[in-house]
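The residues making up each chain are set out below.
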Amino acid sequence: IALDELGKLRAKKLWQSGKVKQYHTELTDIVRNYITSKFGIHAIEMVTHDILESVDGTPVTQQTRLKLKEMLELADLVKFAKENPLPDEQEKSMNQAIDFVMESIHAVEEIPPEVE
């Protein structure tokens, strides 16, 4: 679902038409919903720092977490500091979101062996 939504967002070409804040808001909403559904972390109402801290407790690799961190932090700059990223940074954020989903989709919590 998240990958489908990211594809639809890419097709909207929001940042290319000057809707940078809307683009980053939708991008982070998709990823936050994915994190909520995949890991049971209520990321929708969390700030970036809290999301990153919560994801640290999942089986997601450090490299994958770094992609999430960079994407969320750039989105924060756009949404709250009125940053206007360069085109390659806009595309990088989308790619980082896709990579995060792709790389974490099969991550599963290890279930401890049953005590006999």
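Numbers given for residues are sequential positions, taken from 1 along each chain in its written order. Residue-level local features of this predicted model are given only where pLDDT is at least 70; pairs of side-chain atoms are given and counted only at 80 or more, and the full residue set underlies all totals for whole chains, interfaces and linings. The basis for the side-chain values is all heavy atoms of the structure; hydrogens and waters are excluded.

Q: What should I look at first to understand the overall build of the chain in this one?
A: Helix numbering and strand numbering both begin at the N terminus, where a helix is a DSSP run of H or I of at least 4 residues and a strand a DSSP run of E of at least 2. Helices and strands together make up the secondary structure of the chain, namely five helices and zero strands. In sequence order, the secondary structure elements of the chain are arranged as α-α-α-α-α. Values of the radius of gyration come from C-alpha atoms, whereas the globule rule sets the reference at 2.2 Å times the count of residues to the power 0.38. Taken against the 2.2 N^0.38 rule, which gives 13 Å for 116 residues, the C-alpha radius of gyration of the chain at 15 Å falls within 12% of a compact globule. Taken over the C-alpha atoms alone, the chain extends approximately 60 × 25 × 25 Å along its principal axes. Exposed residues in this analysis have more than 50% of their type's maximum accessible area, buried residues have under 20%, and partly exposed residues fall in between, with area computed by a 1.4 Å probe over protein chains only. Residues counted as buried form 38% of the 116 residues belonging to the chain. Contacts are residue-level and defined by heavy atoms, with any inter-residue pair within 4.5 Å sufficient. Long-range pairs, those at least 24 residues apart, make up 61% of the contacts in the chain between residues at least 6 apart in sequence. With residues, only the protein chains shown are counted as cover, and all accessible areas are computed by Shrake-Rupley using a 1.4 Å probe. Of the accessible surface of the chain, which amounts to about 7200 Å², a share of 55% is contributed by carbon and sulfur atoms. Here Asp and Glu are counted as negative and Lys and Arg as positive; His is not counted, and neither are the chain ends. For the purpose of locating charges, the reference atoms are NZ of Lys, CZ of Arg, CG of Asp and CD of Glu. Here the chain holds 14 positive side-chain charges and 21 negative ones, and the gap between their average locations is 9 Å.

Q: Please explain the pattern of salt bridges as it appears in this structure.
A: Any two side chains of opposite charge can pair if their charged atoms end up close together. When a carboxyl oxygen of Asp or Glu is within 4 Å of a side-chain nitrogen of Lys or Arg, the pair counts as a salt bridge. Following the criterion strictly, the structure yields eight salt bridges and no others. Residue Glu91 pairs with Arg10 through a salt bridge whose shortest N-O separation is 2.4 Å. One end of the pair, Glu91, is in helix 5 (residues 87–104); the other, Arg10, is in helix 1 (residues 2–12), with 81 residues separating them in the sequence. Residue classification places Glu91 among the partly exposed residues on the basis of a relative accessible area of 29%. A residue is classified by how much of its surface remains accessible, and Arg10, at 34% relative accessible area, is partly exposed. We note a salt bridge from Lys92 to Glu70, for which the minimum N-O separation is 3.6 Å. With Lys92 in helix 5 and Glu70 in helix 4 (residues 62–81), the pair connects residues that are 22 residues apart, well separated along the chain. Each of Lys67, Asp99 and Glu103 takes part in salt bridges that share partners, so that together they form one network.

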